[in-house]
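# Results of the structural survey
Below, each chain spelled out in residue letters.
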Amino acid sequence: MKSIEHVRLMKQTLINELEMLPEKNAFGDSNESDRERIHGWIIDLAFIENFGMPPDEYGDVAFWFRDECWSPLCDYEEAQQEFAEYEQLLRYAVWLNL
């Protein structure tokens, strides 16, 4: 099960993703369905943040929250981890160049 800190981090990641998502994808199709899905996840994460449990037992966020990665949120979490590793490597590189 995820901690509230994990929930907050994922919520912030999804908010950033939503802000950066263009109106149309590379094929010229609307990203409105993706926007709605991410917005729904953010609402579910806010619910968990406030009440400590997911609002929907069988939703994407609930599976992610219980560490049952049947959820596309696991891809976002993996990207977060890769970014953190990359950021740490950059810090080491800067430190070594000093």
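Residues numbered from 1 in each chain as written. Predicted model: local features only at pLDDT ≥ 70, side-chain atom pairs only at ≥ 80, totals over all residues. Heavy atoms only, no water.

Attention now moves to the environment of Ala62. In this structure, Ala62 sits in helix α3 (residues 60-65). Under the relative-accessibility criterion, Ala62 is labelled buried at 2%. Each residue touching Ala62, except ones within four places of it in the same chain, is listed here: Pro54, Asp56 and Glu57. (Helix = DSSP H or I, 4+ residues; strand = E, 2+ residues; numbered from the N terminus. Buried < 20%, exposed > 50% of the residue type's maximum accessible area, 1.4 Å probe, protein only. Contact = heavy atoms within 4.5 Å.)

Here Arg35 shows up in helix α2 (residues 32-51). Beyond its immediate chain neighbours, meaning those up to four positions away, Arg35 contacts Leu18, Leu21, Pro22 and Glu23.

On to a nonpolar patch on the surface. A cluster of nonpolar side chains, namely Phe83, Tyr86 and Leu90, defines an oily patch on the protein surface of about 340 Å² accessible area. Mapped onto the fold, Leu90 is located in helix α4 (residues 73-97). (Patch = residues over 30% accessible without salt bridge, like charges linked within 9 Å, V, L, I, M, F, W, Y side chains within 5 Å. Areas by Shrake-Rupley, 256 points an atom, 1.4 Å probe, with all protein chains shown as cover. Salt bridge = Lys/Arg side-chain N within 4 Å of Asp/Glu carboxyl O.)

Here we come to α2. A rise of 1.5 Å per residue sets the reference length of α2, with its 20 residues, at 28 Å; its end C-alpha atoms lie 28 Å apart and thus fit the reference within 8%. Along α2, the residues that are buried comprise Arg35, Ile38, Trp41, Ile42, Leu45 and Ile48. Along α2, the residues classed as buried sweep out an arc of 145 degrees about the axis, all on the same side. Residues of α2 that are exposed and angled more than 90 degrees away from the buried face: Ser33, Glu36, Asn50 and Phe51. (Expected span 1.5 Å × (residues − 1). Arc of directions from axis to C-beta.)

One pass over the structure, following the stated rule, counts 1 aromatic pair. For the pair Phe47 and Phe51, a centre-to-centre distance of 4.7 Å together with 45 degrees between the ring planes defines the contact as tilted. Of this pair, Phe47 and Phe51 both sit in helix α2, 4 residues apart, which is roughly one turn of the helix. By relative accessible area, which is 29% here, Phe47 ends up partly exposed. (Phe/Tyr/Trp six-rings, centres within 6.5 Å; stacked < 30°, edge-to-face > 60°.)

Below, the discussion takes up the pattern of salt bridges. Here the structure, examined in full by the defined rule, presents 7 salt bridges. Arg35 is the partner of Glu23 in a salt bridge, and the nearest nitrogen-oxygen pair spans 3.5 Å. A residue pair is termed long-range when its members are at least 10 positions apart, and Glu23 in the loop between α1 (4-20) and α2 and Arg35 in helix α2 qualify at 12 residues. For Arg35, a relative accessible area of 18% gives the class buried. Between Arg66 and Glu57 there is a salt bridge, and its shortest N-O distance comes to 3.0 Å. The class of Arg66 is partly exposed, set by a relative accessible area of 21%. Take Glu57: its relative accessible area is 42%, and that puts it in the partly exposed class. If you follow the salt bridges from partner to partner, you end up with Arg8, Lys11 and Glu49 in one network.

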